[in-house]
Amino acid sequence: MSGPGFVQVGGAVAQILPEGFALPSLVYLVPLVLTLLAVGGVLVFLDPEVTDWTVVAFAPWMMLGAVLHVLYQQSAYPEILRPLFGTPTVYLATATFAGLVWSVSTLLAAMRRTGSNDRQLGTVGAGFAVVFVTFSMYIGATGGGLTPTSAFWPVIGLAVAGIVAGAAWLLLSLTFTDAAAITGAPGALVVFAHSLDAISTAIGVDVLGAAERTPLSAAILDLAGELPTADLIGTGWLFILVKLLLALVIVAALEDLYRDAPRQARAVLGAVAAVGLGPGIHNLLLFAVTGA
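As the structure is a prediction and not an experimental result, all values here were calculated from the model.

1. Quick word on the overall build of the protein chain
Next, step 1: When helices and strands are counted, the protein chain shows 13 helices and two strands.
Next, step 2: Projected onto the principal axes, the alpha-carbon positions of the protein chain cover approximately 60 × 50 × 40 Å.
Next, step 3: Put simply, the protein chain has 292 residues, and 45% of those count as buried.
Next, step 4: Once local pairs closer than 6 in sequence are excluded, the contacts in the protein chain between residues at least 24 apart make up 73%.
Next, step 5: For the protein chain, the accessible area works out to roughly 14500 Å², and carbon and sulfur atoms hold 72% of it.
Next, step 6: The positive charge centre, built from 9 side chains, and the negative charge centre, built from 16, are 15 Å apart in the protein chain.

Next up, the structure:
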C-alpha cells in the first residue's frame with residue numbers, strides 16, 4: 001500500500017501486521033486522529049446508554065469499514081481521497097463517522113425522550129453499508145469481476161459461517177450456560193463474526209488460491225500445511241478451529257466482567273467482534289466482485 005499519501009510501516013512491527021498495512025501521511029493522519037478524539041470527547045460528555053443491542057447496532061458499521069476498503073482495492077476513489085481508505089485508516093475514518101452518528105442519535109433520543117438510540121444507529125449504518133455494497137457490486141459487474149460463478153463461494157461461505165456459528169453457540173450454551181445467557185446477543189455476534197472470518201479465509205486459501213496477508217494467521221495455515229491432512233482437507237480447518245475456540249473462550253471468560261461492569265464488557269465484545277466481522281465481510285465481498 002505504498003504510494004503518494006502513505007507512509008509504509010517497516011521493521012519488526014511490520015512483521016506482525018497484515019501485508020499492505022500503511023499509515024497515511026500526516027496531512028491525512030493528524031486531522032483524522034484529532035477529529036476522532038473530538039468525537040470521542042463528545043461521546044464521553046453525552047454518556048450514551050450502552051446496551052446489548054448497541055453492540056449489535058454497530059455491526060453494520062463494522063461491515064461498512066470493510067466495504068469501503070474493498071472499494072479502495074477496486075480503485076473507486078479519486079487519488080486525493082485514497083489515503084483515507086487504506087488499512088488501517090479506513091477503520092479510523094469509519095469509527096469517526098459512526099461516533100458522529102451515535103452522538104447525533106443520542107441527542108435526538110434525548111430530545112424525544114425515547115431512551116435507547118440503538119435502532120437509529122443500526123439503521124443508519126445498515127443503510128450506508130447497503131449503498132456501498134451495491135456500488136462495489138456495480139463496479140465489479142461493469143468491470144467483469146462479478147459473475148454468478150464468482151458470487152457462488154461467498155454465498156456458500158456466508159451460509160456455512162451461520163451454520164458453524166450456530167453450532168458453536170449451541171455448544172457454548174450447553175457447556176457454559178451462564179456465560180452464553182449473560183453475554184447474549186453481543187456474545188453471539190462475536191462467535192458469528194469470527195466464524196465468518198475463519199470460513200472466508202479457508203475458502204480463500206483452500207478453494208480460490210488466495211494468500212493470507214496477516215502473519216499470525218498465515219503461520220497457523222502453514223502449520224496445517226505440514227500436517228498429513230493437508231492433501232485431503234486443506235489447511236483452513238485448523239484456522240477455523242483456532243478462531244472459534246478463541247471466540248468461545250473470550251465470551252466465556254467475560255462472564256464475570258459482564259456481571260460486574262457490563263458497559264466495559266460490551267465494549268470489549270464489540271471490539272472483538274469488529275476484528276472478525278470486518279475481515280470476514282471484506283473477504284467475501286472481495287472474492288465476489290473480483291472473481292479471485
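2. Details of the environment of proline 48
Next, step 1: Following the sequence through the fold, proline 48 ends up in the loop between helix H2 (26-46) and helix H3 (52-57).
Next, step 2: We classify proline 48 as buried; its relative accessible area is 4%.
Next, step 3: The spatial distance from the C-alpha of proline 48 to the C-alpha of serine 103 is 8.0 Å, given a sequence separation of 55 residues.
Next, step 4: Every residue in contact with proline 48, bar those within four places of it in the chain, is listed here: Leu43, Trp102, Thr106 and Arg263.

3. Comments concerning the pattern of salt bridges
Next, step 1: Scanning the entire structure with this criterion turns up four salt bridges.
Next, step 2: Arginine 263 is paired through a salt bridge with aspartate 47; the nearest N and O atoms lie 2.9 Å apart. Note that arginine 263 is positioned in helix H13 (residues 262-290) and aspartate 47 in the loop between H2 and H3, a separation of 216 residues in sequence.
Next, step 3: Under the relative-accessibility criterion, aspartate 47 is labelled partly exposed at 49%.
Next, step 4: The salt bridge partner of aspartate 197 is lysine 243, with a shortest N-O separation of 2.8 Å. Taken together, the residues aspartate 197 in helix H8 (residues 177-207) and lysine 243 in helix H11 (residues 236-253) connect sequence positions 46 residues apart.
Next, step 5: We classify aspartate 197 as buried; its relative accessible area is 7%.

4. Examining the environment of alanine 161
Next, step 1: Position of alanine 161 relative to the elements: it lies in helix H7 (residues 148-175).
Next, step 2: For alanine 161, a relative accessible area of 0% translates into the label buried.
Next, step 3: Spatially, the C-alpha atoms of alanine 161 and leucine 248 are 15 Å apart, while their sequence positions differ by 87 residues.
Next, step 4: Contacts of alanine 161, omitting those with residues within four sequence positions, involve Phe192, Ser195, Leu196 and Ile199.

5. What about the confidence of the model for the protein chain?
Next, step 1: In the predicted model, the protein chain carries a mean pLDDT of 89, and the fraction of residues at 70 or more is 91%.
Next, step 2: Predicted confidence for residues 6-15 stays below pLDDT 50, and this span has 23 contacts to residues more than four positions away or in other chains.

6. A word on the environment of proline 262
Next, step 1: Among the structural elements, proline 262 can be located in helix H13.
Next, step 2: Proline 262 gets classed as partly exposed once you look at its relative accessible area, which sits at 29%.
Next, step 3: In sequence terms proline 262 and phenylalanine 239 are 23 residues apart; their C-alpha atoms lie 30 Å from each other.

7. A short note on helix H5 (residues 89-112)
An α-helix turns once per 3.6 residues; consequently, residues spaced three or four apart project the same way.
Next, step 1: End to end, H5 covers 35 Å across 24 residues, agreeing with the expected 34 Å (1.5 Å per residue, within 8%).
Next, step 2: Listing the buried residues of H5 in full gives Thr89, Val90, Thr94, Thr96, Ala98, Gly99, Val101, Trp102, Ser103, Ser105, Thr106 and Ala109.
Next, step 3: Packed against the buried residues of H5 are strand E2 (22-24), H2, H3, helix H4 (59-73) and helix H6 (118-143).

8. Brief notes about H6
Next, step 1: Look at H6: 37 Å from first C-alpha to last across 26 residues, which is about the 38 Å you get at 1.5 Å a residue.
Next, step 2: On the buried face of H6, the contacting elements are H3, H4, H5 and H13.
Next, step 3: Glycine 144, located one to two residues past H6, shows a positive phi value of around 90°.

9. Here's the deal with the packing of aromatic side chains
Next, step 1: Scanning all chains against the criterion turns up six aromatic pairs.
Next, step 2: With a centroid separation of 5.2 Å and an interplanar angle of 85°, the aromatic rings of phenylalanine 58 and tryptophan 102 are classed as edge-to-face. Residue phenylalanine 58 is located in the loop between H3 and H4, and its partner tryptophan 102 is located in helix H5; the two are separated by 44 residues in the primary sequence. The same class applies to phenylalanine 58 and to tryptophan 102, which are both buried.
Next, step 3: Taking the centre distance of 5.2 Å and the plane angle of 75° together, the rings of phenylalanine 97 and phenylalanine 128 count as edge-to-face. Separated by 31 residues along the polypeptide, phenylalanine 97 in helix H5 and phenylalanine 128 in helix H6 bring together distant segments of the chain.
Next, step 4: We classify phenylalanine 97 as partly exposed; its relative accessible area is 33%.

Conventions we followed
Residues numbered from 1 in each chain as written. Predicted model: local features only at pLDDT ≥ 70, side-chain atom pairs only at ≥ 80, totals over all residues. Heavy atoms only, no water. Helix = DSSP H or I, 4+ residues; strand = E, 2+ residues; numbered from the N terminus. Buried < 20%, exposed > 50% of the residue type's maximum accessible area, 1.4 Å probe, protein only. Contact = heavy atoms within 4.5 Å. Areas by Shrake-Rupley, 256 points an atom, 1.4 Å probe, with all protein chains shown as cover. Lys, Arg positive; Asp, Glu negative; His and termini not counted. Charge placed at Lys NZ, Arg CZ, Asp CG, Glu CD. Salt bridge = Lys/Arg side-chain N within 4 Å of Asp/Glu carboxyl O. pLDDT = per-residue confidence, 0-100. Expected span 1.5 Å × (residues − 1). Phe/Tyr/Trp six-rings, centres within 6.5 Å; stacked < 30°, edge-to-face > 60°.

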